[in-house]
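Remarks on the overall topology
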Amino acid sequence: MAGRAAMLVNLGTVVMTVLTLASFVEGFGVNWGNIASHPLNPDIVVRMLKENKINKVKLFDADSWTMNALAGSGMEVMVGIPNNLLETLADDYGNAKDWVKENITAYMRKDGVNIK
């Protein structure tokens, strides 16, 4: 029972720390990957994030379904390059340029994705 009480005290400390830190930060962000056995519709995920005042997202790739759902949301988005593409993009500037044009630039338009 003492272990359980200590765990609850520690959990309470963590919650209080997060709530305290929340007053000092500009916003909360989440990492969002799309490799799942039952992926959620990105439109639903964006709505849930906004409802929970989460305004920053890091994507692990530039999946078009996800990117289109984020368009016009006003959320700050950071897009990662998938690990399996790192060598290809690092070895060939043309490949890197094409990837950026297709996966980043294409979404940076009026009412597009707010990529940072």
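All values reported here derive from a predicted model rather than from experimental measurement.

Counting 20 residues, the largest nonpolar core has Trp32, Leu59, Met67, Leu70 and Val79 as the members making the most contacts within it. Going through the elements one at a time, helix H2 (42-51), strand S2 (54-59), helix H3 (64-70) and strand S3 (76-79) are the ones with two or more residues in this core. With sequence-adjacent residues up to four places away left out, leucine 59 is seen in contact with Trp32, Thr66, Met67, Leu70, Val77, Met78, Val79 and Gly80.

In this section: the environment of aspartate 92. Mapped onto the elements, aspartate 92 comes out in the loop between helix H4 (83-91) and helix H5 (93-103). Within polar-contact distance, the side chain of aspartate 92 engages the backbone nitrogen of asparagine 95 at 3.0 Å.

Under the counting rule described, the total for this entry stands at one salt bridge. Between glutamate 51 and arginine 47 there is a salt bridge, with the nearest N and O atoms lying 3.6 Å from each other. Taken together, the residues span about one helical turn, with glutamate 51 and arginine 47 both in helix H2 at a distance of four residues. Given a relative accessible area of 53%, glutamate 51 falls into the exposed group. Among the residues examined, arginine 47 registers a relative accessible area of 47% and is labelled partly exposed.

With that settled, consider the sheet that holds strand S1 (residues 28-32). Each strand in a sheet pairs with its neighbour through backbone hydrogen bonds, running either in the same direction (parallel) or in the opposite one (antiparallel). Read from one edge of the open sheet, four strands run S1-S2-S3-S4, paired in parallel fashion. Edge strands, defined here as strands with exactly one partner in the open sheet, are S1 and strand S4 (114-115). As paired elements, S1 and S2 share five bridges and run parallel to each other. Along S2, the bridge assignment pairs glycine 29 with lysine 56. Lying over the sheet, H2 contacts S1 and S2, oriented at roughly 160° with respect to S1.

Rules behind the numbers
- Residues numbered from 1 in each chain as written.
- Predicted model: local features only at pLDDT ≥ 70, side-chain atom pairs only at ≥ 80, totals over all residues.
- Heavy atoms only, no water.
- Core = buried A, V, L, I, M, F, W, Y, C linked by side-chain atoms within 4.5 Å.
- Buried < 20%, exposed > 50% of the residue type's maximum accessible area, 1.4 Å probe, protein only.
- Helix = DSSP H or I, 4+ residues; strand = E, 2+ residues; numbered from the N terminus.
- Contact = heavy atoms within 4.5 Å.
- Polar contact = N/O pair within 3.5 Å; in protein donor to acceptor, adjacent residues only side chain to side chain.
- Salt bridge = Lys/Arg side-chain N within 4 Å of Asp/Glu carboxyl O.
- Pairing = 2+ DSSP bridges.
- Axes fitted to C-alpha atoms, helices over the stretch in contact; angles between N-to-C directions.

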